[in-house]
Amino acid sequence: IIMKHLAKRDGTILEILGDAYAGTSTTKLRKMLKFANVTLDGEQVRMADTPVKTGQLINIEKQEKPSLNVKAPFRVIWQDQYIIVCDKPVGLITAGEGITRRPTMHKLVDDYVKDATKGAQSAFPVHRLDKEVSGLVVFAKSEEIQEKLKANWHQFSKKYIAITEKEPNPKKGTISTLLEERGLKMFVATTPGPNIKEAVTYYTYKERIGRYHMVEVELATGKKNQIRVHLGHIGCPIVGDYKYGASNAFKRQIRLMATQLYIKHPITGKDLAFKIEPSTIFTHPKEKSEDYR
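Parameters and conventions
- Residues numbered from 1 in each chain as written.
- Predicted model: local features only at pLDDT ≥ 70, side-chain atom pairs only at ≥ 80, totals over all residues.
- Heavy atoms only, no water.
- Helix = DSSP H or I, 4+ residues; strand = E, 2+ residues; numbered from the N terminus.
- Buried < 20%, exposed > 50% of the residue type's maximum accessible area, 1.4 Å probe, protein only.
- Contact = heavy atoms within 4.5 Å.
- Areas by Shrake-Rupley, 256 points an atom, 1.4 Å probe, with all protein chains shown as cover.
- Patch = residues over 30% accessible without salt bridge, like charges linked within 9 Å, V, L, I, M, F, W, Y side chains within 5 Å.
- Salt bridge = Lys/Arg side-chain N within 4 Å of Asp/Glu carboxyl O.
- Lys, Arg positive; Asp, Glu negative; His and termini not counted.
- Charge placed at Lys NZ, Arg CZ, Asp CG, Glu CD.
- Polar contact = N/O pair within 3.5 Å; in protein donor to acceptor, adjacent residues only side chain to side chain.
- Expected span 1.5 Å × (residues − 1).
- Pairing = 2+ DSSP bridges.
- Phe/Tyr/Trp six-rings, centres within 6.5 Å; stacked < 30°, edge-to-face > 60°.

### Thoughts on the overall build of the protein
In step 1: Counting secondary structure elements, the protein contains six helices and 17 strands.
In step 2: By its C-alpha atoms, the protein is 75 × 45 × 35 Å across when sized along the principal axes.
In step 3: A total of 293 residues make up the protein; the buried ones form 47% of that total.
In step 4: Of all intrachain contacts in the protein linking residues separated by at least 6 positions in sequence, the fraction that spans at least 24 positions is 61%.
In step 5: Carbon together with sulfur atoms contributes 50% to the accessible area of the protein, which is approximately 15900 Å² in total.

Pasting the structure below:
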């Protein structure tokens, strides 16, 4: 919802907003500057004492809050009028065209946001998880917010839990390699090249679970299949990930989940922390093939 107001006098942005919203308290007007998208001749304004000249155009964009009456077909961890954080199930592509007939996570979230806001907003993917990886994923509710989050994504902390077939040695370390994509698989490269990217992964051993091992992983870079190929590279393939060295005796869900996410809110600048816990079924694979989709 965009409200337009043409300044009829000189003054501060707070005073001119007071003219536009007569009877509104100063506190509410200051909150509007902080949380709404207020622009002066197209430039975003946050400071209450910003000077305004007669004839300048002020746009006040208010995002509609999602309706609580619309139920999402997925687990919503947190949302406001700018972003939505979800728990992506395994087996769904985050975004883009897939080879399956199943809807993408993006399509599910987009439909939900449109329903909840009666078409006023849509969902825009900020980052991606592999199809076989579950956990925390963020969508923006406008392209402007999407671009803000993408621009700062490398500064945010992303942590995962992996269940591996072997215990890493040493129990804590950094995996730094070059990665190259060949066909549908990523490989560790030994020499630089035009399509070869540097990838850095931090890991910490947590505990033994039966015959398997829990490892916490943090990404310094975000390359395709990075955690999977890196853990396989050090001899600790993720359970179920036969593409990168795990046993293929059983058909299993890959035991990799995005469990922690720390970001700054793109509008308020507030630190946001999200955490989910893996289920017992995830952490304790049974010795049989799984029907998990």
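### A look at a positive patch on the surface
In step 1: Positive charge collects at one region of the surface, where Lys 28, Lys 31, Lys 34 and Lys 270 lie side by side.
In step 2: Turning to its location among the elements, Lys 31 is positioned in helix H2 (residues 26–35).

### Focus on unusual backbone geometry
In step 1: Along the chain, Asn 169 connects to Pro 170 via a cis peptide bond; the corresponding omega equals 5°.
In step 2: Structurally, Pro 170 is set in the loop between strand S11 (157–164) and strand S12 (172–182).
In step 3: A positive phi angle is found at Asp 41, which is not glycine, with a value near 50°.

### Let's talk about the environment of His 265
In step 1: Take His 265: it is sitting in the loop between strand S16 (256–264) and strand S17 (271–275).
In step 2: Residue His 265 is classed as buried on the basis of its relative accessible area of 5%.
In step 3: With 117 residues separating them along the chain, His 265 and Lys 148 place their C-alpha atoms 9.6 Å apart.
In step 4: Sequence-distant contacts of His 265, defined by excluding residues within four places in its chain, comprise Trp 78, Asp 80, Tyr 82, Lys 270 and Leu 272.
In step 5: A polar atom in the side chain of His 265 sits 3.0 Å from the backbone nitrogen of Ile 267.

### A closer look at the pattern of salt bridges
In step 1: Applying the stated criterion to the full structure yields 15 salt bridges.
In step 2: Across the salt bridge formed by Glu 287 and Arg 211, the nearest N and O atoms sit 2.9 Å from each other. Remark: Arg 211 occurs in the loop between strand S14 (196–209) and strand S15 (212–219) and Glu 287 occurs in the segment after helix H6 (280–283); sequence separation between them is 76 residues.
In step 3: Between Arg 228 and Asp 241 there is a salt bridge, and its shortest N-O distance comes to 2.9 Å.

### Quick notes on helix H3 (residues 105–116)
In step 1: Here H3 is twelve residues long and its end C-alpha atoms lie 16 Å apart, about the 16 Å a rise of 1.5 Å per residue gives.
In step 2: Turning to H3, its buried residues number three or more, namely Met 105, Leu 108, Val 109, Asp 110, Tyr 112, Val 113 and Ala 116.
In step 3: Contact partners of the buried residues in H3: strand S7 (75–79), strand S8 (83–88) and strand S10 (134–140).
In step 4: Phi for Lys 118, located one or two positions after H3, is positive at around 55°.

### Regarding the pairing of strand S13 (residues 185–189)
In step 1: Across five bridges, the pairing between S12 and S13 is antiparallel. In the sheet register, Leu 178 faces S13, and the bridge partner there is Ala 189.
In step 2: Adjacent in sequence and paired antiparallel, S12 and S13 are bridged by two residues, among which Gly 183 carries a positive phi angle near 70°.

### Details of the environment of Leu 149
In step 1: For Leu 149, the location among the structural elements is in helix H4 (residues 143–152).
In step 2: Separated by ten residues in sequence, Leu 149 and Phe 139 have C-alpha atoms that sit 9.4 Å apart.

### Some remarks on the packing of aromatic side chains
For any two aromatic rings, the description comes down to two numbers: the centre-to-centre distance and the angle of the planes.
In step 1: Taken as a whole and assessed by the stated rule, the structure comprises three aromatic pairs.
In step 2: Seen from their ring centres, Trp 78 and Phe 274 are 5.7 Å apart, and the 45° between their planes marks the pair as tilted. Note that Trp 78 is positioned in strand S7 and Phe 274 in strand S17, a separation of 196 residues in sequence.
In step 3: With relative accessibility at 29%, the residue Trp 78 sits in the partly exposed group.
In step 4: Taking the relative accessible area as the measure of exposure, Phe 274 reaches 6% and is therefore buried.

### Description of the side chain of His 213
In step 1: As for its placement among the helices and strands, His 213 is situated in strand S15.
In step 2: At 2.8 Å, the side chain of His 213 and the side chain of Tyr 205 are in polar contact.
In step 3: When neighbours within four sequence positions are excluded, His 213 is seen to be in contact with Ala 162, Ile 163, Thr 164, Glu 165, Lys 166, Glu 167, Tyr 205, Glu 207 and Arg 208.

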